[in-house]
Amino acid sequence: MKKRMNYISWDDYFLGIAELSAARSKDPNTQVGACIVSEENKILSVGYNGMPAGCNDDEMPWGREGDFLDTKYPFVCHAELNAILNSNHDLKGSRIYVSLFPCNECAKAIIQSGIKEVIYTCDKYADTDGTKASKMMFKMAGVKTRQIKQEHFVKILPM
Ligand SMILES: Nc1nc(=O)n([C@H]2C[C@H](O)[C@@H](COP(=O)(O)O)O2)cc1CO
Ligand SMILES: [Zn+2]
């Protein structure tokens, strides 16, 4: 008997884990998941967007509009940053799978932690200055970026 052939690729596997992690997010508008993987295809960390530990997410604001302090934006920890901070490993030479292209703040953390490739699905904020700044920094720092379609994973979330 031969081995099974229609198994999922590494890309679909790690992106699937990123998507599954996103399903933990309490953000009512955008749920993001990230999975950091070594050169040997071992998972080093996972994360999703959420409020900082100890900040009660029932009491924190989740809105997008109004006074800055009444929105989620100054408080929420992005999926990529959480994945970087959750890891106990050296991330040099690793790659990050993320369901949404990183913002400029996460781009800095990605570069500084030694991650060498960003694999993403959605780029819905491509027109924002933050995303443009991320792309500039990734290019200058030699961090590769690659967009892929999630082929073998049934989306858990209504995105
Ligand atoms: N790459 C990203 N990773 C993330 O974890 N996020 C988070 C921050 C917020 O919780 C949410 C975006 O909210 P909204 O502006 O689409 O309602 O996703 C956002 C981005 C976009 O740059
Ligand atoms: Zn970010």
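For clarity, every value in this text was computed on a predicted model and none was experimentally measured.

Thresholds applied
- Residues numbered from 1 in each chain as written.
- Chains lettered and ligands numbered in written order.
- Predicted model: local features only at pLDDT ≥ 70, side-chain atom pairs only at ≥ 80, totals over all residues.
- Heavy atoms only, no water.
- Core = buried A, V, L, I, M, F, W, Y, C linked by side-chain atoms within 4.5 Å.
- Buried < 20%, exposed > 50% of the residue type's maximum accessible area, 1.4 Å probe, protein only.
- Helix = DSSP H or I, 4+ residues; strand = E, 2+ residues; numbered from the N terminus.
- Contact = heavy atoms within 4.5 Å.
- Donors = N, O, S within 2.8 Å, 3.2 Å for Na, K, Ca; no water.
- Near = heavy atom within 4 Å.
- Areas by Shrake-Rupley, 256 points an atom, 1.4 Å probe, with all protein chains shown as cover.
- Nonpolar A, V, L, I, M, F, W, Y, C, P; charged D, E, K, R; others polar.
- Salt bridge = Lys/Arg side-chain N within 4 Å of Asp/Glu carboxyl O.
- UniProt positions renumbered as here; feature names shortened; annotations may be inferred.
- Pairing = 2+ DSSP bridges.
- Axes fitted to C-alpha atoms, helices over the stretch in contact; angles between N-to-C directions.
- Parallel < 35°, antiparallel > 145°, perpendicular 65-115°, else oblique.
- Left-handed = near helix turned anticlockwise from the far one by under 90°.

> Can you explain the nonpolar core? Please cite residues and give values.
Generally speaking, nonpolar side chains in soluble globular proteins are found buried as a group. If you look at the biggest cluster of nonpolar residues, it comprises 21 residues, and the most contacted ones within it are Ile36, Ile84, Ile96, Ile110, Ile115, Val118 and Phe138. When residues of this core are traced back to their parent elements, those giving at least two are strand E1 (33–37), helix H2 (79–86), strand E3 (95–100), helix H3 (104–112) and strand E4 (117–122). Other than its neighbours up to four places away in sequence, Ile36 contacts Lys42, Ile43, Leu44, Ser45, Ala83, Ile84, Leu91, Ser94, Arg95, Ile96 and Ile115. Membership of the second largest hydrophobic core comes to nine residues, among which are Leu15, Cys35, Tyr97 and Ile148.

> Account for the coordination of the zinc ion (ligand 2), naming residues and giving values.
The protein atoms that coordinate the zinc ion (ligand 2) are His78 (ND1), Cys103 (SG) and Cys106 (SG), at distances of 2.0 to 2.3 Å. Considered as a linear motif, the donors of the zinc ion (ligand 2) on their single chain read H-x24-C-x2-C. Judged by relative accessible area, which is 3%, Cys106 ranks as buried.

> Outline the site of ligand 1, supporting the account with residue identities and numerical values.
In the vicinity of ligand 1, 17 residues are found, and the nearest of them are Asn29, Thr30, Lys72, Tyr73 and Tyr125. Summarising the interface, the protein chains cover 95% of the accessible area of ligand 1, which totals 500 Å² for the free molecule. When grouped by side-chain class, the residues that make up the shell around ligand 1 number nine nonpolar, four polar and four charged.

> So, unusual backbone geometry: which residues are in play, and what are the values?
Phi at Asn41 is positive, roughly 60°, even though this residue is not glycine. Along the chain, Asn41 turns up in the loop between E1 and strand E2 (43–48).

> Break down the pattern of salt bridges for me, citing the residues and quoting the values.
Across all of its chains, the model carries seven salt bridges by this definition. The partner of Lys108 in a salt bridge is Glu105, and the shortest N-O contact between them spans 3.2 Å. Highlighted residues: Lys108 and Glu105, both in helix H3, separated by three residues, approximately one helical turn. Its relative accessible area of 49% is what places Glu105 among the partly exposed residues.

> Mind laying out the UniProt feature "domain: CMP/dCMP-type deaminase" (unreviewed entry) in the protein chain, listing which residues take part and the relevant values?
Those residues carrying the UniProt feature "domain: CMP/dCMP-type deaminase" (unreviewed entry) are residues 9–137 in this numbering. With 30% helix and 18% strand, residues 9–137 has end C-alpha atoms that lie 29 Å from one another.

> Give a detailed account of the environment of Leu81, specifying residues and quantitative values.
Secondary-structure assignment places Leu81 in helix H2. Between the alpha carbons of Leu81 and Ala107 there is a distance of 9.1 Å; along the sequence they are 26 residues apart. Setting aside chain neighbours within four positions, we find Leu81 in contact with Cys106 and Ala109.

> Outline the pairing of E1, supporting the account with residue identities and numerical values.
For E1, a buried count of five out of five residues is recorded, marking the element as mostly surrounded by other parts of the structure. On E1, burial covers both faces: Gly33, Cys35 and Val37 on one face and Ala34 and Ile36 on the other are all buried. With five bridges connecting them, E1 and E2 associate as antiparallel partners. By the bridge assignment for E2, Ala34 is matched with Gly47. Pairing of E1 with E3, which is carried by four bridges, proceeds in the antiparallel orientation.

> Provide a residue-level description of the packing of H2 against H3, including the pertinent values.
Taken N-terminus to C-terminus, the directions of H2 and H3 make an angle of 30°; their axes are 9 Å apart at the nearest point. Classed by the angle they form, the pair H2 and H3 counts as roughly parallel. The handedness of the crossing between H2 and H3 is left-handed. In this structure, H2 uses Glu80, Leu81 and Ile84 to contact H3, whose residues at the interface are Cys106, Ala109 and Ile110. Across the contact of H2 with H3, the residue classes break down as five nonpolar, no polar and one charged.

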